[in-house]
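Okay, here's what each chain looks like letter by letter:
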Amino acid sequence: MSDSVTAFAPASIGNLGVGFDMLGLALADVGDRVTARRADGDGVRVAAVYGLDGEPHPYLSADTNQNTASIAAAALWGDKGGQSGLELSIRKGVPLQSGMGSSAASAVAGVVAANALLPEPLATEALLPYALEGEKFASGGLHADNVAPSLLGGLVLCPTVLLPRTVNLEVPDGVSAVLLHPELSVNTAHSRRGLARGCTVEQWLAQQGYLAGFITACARSDIELIRATLKDVIIEPQRAESVKCFEDVRAAALASGALGCSLSGSGPSIFALVEDRHAKNLAVCMEQACRALGIDCQTWISPMDAPGARVET
Ligand code: HSE
């Protein structure tokens, strides 16, 4: 049995605009890596946290009780009889406070790596509750719309009332996600505390209609129905002002062929869905709109069926 395992877990788009706390999409080619090694003693500890440059991360704590990867891995290791101690090295590929599911990616990579070192590893789906322990610590609420797609890949429906059950949804043919990360930050827990506790029946009816329509549109690859339903009338209006490039980037995206455009999670990242053939141009137009405001940014283009977490070595 190996003594060391590295797992990768992708970034994700929480809410996907239309499904607050219950819809999420995995992103390709951007994520966190966690290496778990058997160690003396018992329990889980963090050996190091590195940034993309390979240097020790300037902000993230190596305190085992403060890091989502170790919190999640410790929940699993303690519950499922991990033998020996476990030491984690975390390599962050997802920017912090970006709305790209950074804390979820670490939590998921942590449990997937730890799981591979258990005497009897669990099925991937069974890891969700443990990864959620880490996410709960970071965001101050129980929502799986980053953890579930990061773990399972693709487009996932994960209403809190159904957890731990989740549903991988069909994705439309020929549609990509473009994600823009501006050099701004939003603290998810803070953003969540600022949300109104209620909405009108009219808003609730509209949002239910959009969510049902969007899921159907994805399954049928119905481009015009995606365009008609990728909307958020409840949460986005409350958060839009906290991301100062949002309105300009969204206007540029919609003028350049986006089927819809909204905040990724609590922001500041902004995503758009678009037909594949327009994706590169859309990314350029969104970047230009952001940079015109003096805000640096980075974009990723991802298919909607990006894979979830996996063991690499
Ligand atoms: N659903 C969460 C929120 C995602 O919008 O607060 C946070 O990334």
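Residues numbered from 1 in each chain as written. Predicted model: local features only at pLDDT ≥ 70, side-chain atom pairs only at ≥ 80, totals over all residues. Heavy atoms only, no water.

### Quick look at the overall build of the protein chain
Move 1: Per the secondary structure count, the protein chain includes ten helices and eleven strands.
Move 2: Rg of the C-alpha trace for the protein chain: 19 Å, near the compact-globule value of 20 Å for 313 residues, within the 12% margin.
Move 3: Per-residue burial for the protein chain yields a buried fraction of 55% across its 313 residues.
Move 4: Taking the intrachain contacts of the protein chain between residues at least 6 apart in sequence as the baseline, contacts between residues at least 24 apart amount to 74%.
Move 5: Surface summary for the protein chain: the accessible area is close to 13,100 Å², and the carbon and sulfur share equals 50%.
Move 6: On the protein chain, the mean spot of the 22 positive side-chain charges and the mean spot of the 33 negative ones are 1 Å from each other. (Helix = DSSP H or I, 4+ residues; strand = E, 2+ residues; numbered from the N terminus. Rg over C-alpha atoms; globule rule 2.2 N^0.38 Å. Buried < 20%, exposed > 50% of the residue type's maximum accessible area, 1.4 Å probe, protein only. Contact = heavy atoms within 4.5 Å. Areas by Shrake-Rupley, 256 points an atom, 1.4 Å probe, with all protein chains shown as cover. Lys, Arg positive; Asp, Glu negative; His and termini not counted. Charge placed at Lys NZ, Arg CZ, Asp CG, Glu CD.)

### Digging into the environment of L152
Move 1: Tracing the backbone through its elements, the reader meets L152 in helix α4 (residues 147–152).
Move 2: Sequence spacing of L152 and W204 is 52 residues, and the spatial spacing of their C-alpha atoms is 28 Å.
Move 3: Those residues in contact with L152 that sit more than four places away from it in its chain are T124, E125, T166, N168 and G308.

### Thoughts on unusual backbone geometry
Move 1: In the segment running from L163 into P164, the intervening peptide bond is cis, with an omega of 10 degrees.
Move 2: Between G267 and P268 the backbone carries a cis peptide bond, its omega angle lying at 5 degrees.
Move 3: Note on placement: P268 falls in the loop between β8 (260–263) and β9 (270–275).
Move 4: We note that L16 has phi near 40 degrees; this positive angle belongs to a residue other than glycine.
Move 5: Locating L16 in the fold gives a position in the loop between β1 (4–14) and β2 (23–39).
Move 6: We note that D29 has phi near 70 degrees; this positive angle belongs to a residue other than glycine.
Move 7: Within the fold, D29 resides in strand β2.
Move 8: Take D29: its relative accessible area is 71%, and that puts it in the exposed class.

### Focus on the site of the ligand
Move 1: Around the ligand, a shell composed of N15, F20, D21, H143, D145, N146, T188, R192, R239, G265 and S266 is seen.
Move 2: N146 places a polar side-chain atom, nitrogen or oxygen, 2.9 Å from an oxygen atom of the ligand.
Move 3: Here R239 contributes a side-chain N or O atom positioned 2.8 Å from an oxygen atom of the ligand.
Move 4: In isolation the ligand offers 260 Å² of accessible surface; the protein chains occlude 97% of this area. (Near = heavy atom within 4 Å. Polar contact = N/O pair within 3.5 Å; in protein donor to acceptor, adjacent residues only side chain to side chain.)

### Side note on the state of the cysteines
Move 1: As enumerated under the stated definition, the model contains zero disulfides in all.
Move 2: Left unpaired, C245 is separated from the closest cysteine sulfur, that of C290, by 4.0 Å.
Move 3: Exposure remark for C245: the relative accessible area of 0% places this residue in the buried category. (Disulfide = S-S within 2.5 Å.)

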